[in-house]
Amino acid sequence: MSAGRAVLLVTGATAGILAIVFVLVGPRQADHIATLVSALVAVAGLGVAVAAAVPAIPGRRSVRVTATGAATAKGSGSAVSGAAVSITNGTETIEVSHSGTADASDDGEATSGIRQF
């Protein structure tokens, strides 16, 4: 089951349970319960929004590369099997795993892994 379907299932089940509780306790008590549930959902929504915004804070970049193919450079060309990145400050995280082979012939330049420029 995908995460999206699981969220929909839990949301639907929660709404159904709340509807049953509201019917069982009556309108006056249901009003109080609904107010509390609304406040809790608002705080949880704010937490989710902040958690989603944290990775988007400027100055932090993450690059992950895995299972790249072979790279061949001929003549004066260059090739990279992995990642070619420009690093502007020390906050970048770069991870390369299972990069392919790199082959350079003539005056070519080939890299398997990470090439910084």
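Residues numbered from 1 in each chain as written. Predicted model: local features only at pLDDT ≥ 70, side-chain atom pairs only at ≥ 80, totals over all residues. Heavy atoms only, no water.

**Structural notes on a nonpolar patch on the surface**
Rule in force here: To count toward a patch, a residue needs a relative accessible area above 30% and no salt bridge. Like charges then connect within 9 Å, nonpolar side chains (Val, Leu, Ile, Met, Phe, Trp, Tyr) within 5 Å. Computed with the Shrake-Rupley method and a 1.4 Å probe, the accessible areas treat only the protein chains shown as cover for residues. Whenever a carboxyl oxygen of Asp or Glu lies within 4 Å of a side-chain nitrogen of Lys or Arg, that contact is scored as a salt bridge. Helix and strand definitions follow DSSP, with helices as H or I runs of at least four residues and strands as E runs of at least two, each counted in order from the N terminus. For the exposure calls, accessible area comes from a 1.4 Å probe over protein chains only, and a residue counts as buried if that area is under 20% of its type's maximum, exposed if over 50%, partly exposed in between.
A cluster of nonpolar side chains, contributed by Ile20, Leu24 and Val25, occupies part of the molecular surface with about 310 Å² of accessible area. Mapped onto the elements, Leu24 comes out in helix 1 (residues 3–25). Judged by its relative accessible area of 70%, Leu24 falls in the exposed class.

**Details of the side chain of Arg115**
This is how the line gets drawn: Contact definition: two residues touch when any of their heavy atoms are within 4.5 Å.
Relative to the helices and strands, Arg115 is located in strand 6 (residues 109–116). A residue is classified by how much of its surface remains accessible, and Arg115, at 14% relative accessible area, is buried. In this view, Arg115 contacts Ser78, Ala79, Val80, Ala83, Ala84, Val85, Glu109 and Ala110; residues no more than four positions away in its chain are not counted.

**A short note on the environment of Thr72**
Looking at where Thr72 falls in the secondary structure, it is placed in strand 2 (residues 71–73). The partly exposed category is assigned to Thr72, whose relative accessible area is 48%. Here the alpha-carbon distance between Thr72 and Gly108, two residues 36 residues apart in the chain, equals 8.5 Å. With residues up to four places along the chain from it excluded, the contact list for Thr72 reads Ala79 and Asp103.

**With respect to unusual backbone geometry**
Of note in this structure, Ala67 is not a glycine but carries a positive phi near 55 degrees. Relative to the assigned elements, Ala67 resides in the loop between strand 1 (61–66) and strand 2. You can call Ala67 exposed: its relative accessible area is 58%. A positive phi is found at His98, a non-glycine position, where the angle reads about 55 degrees. When you line up the elements, His98 lands in the loop between strand 4 (92–97) and strand 5 (102–104). The exposure class of His98 is exposed, given its relative accessible area of 65%.

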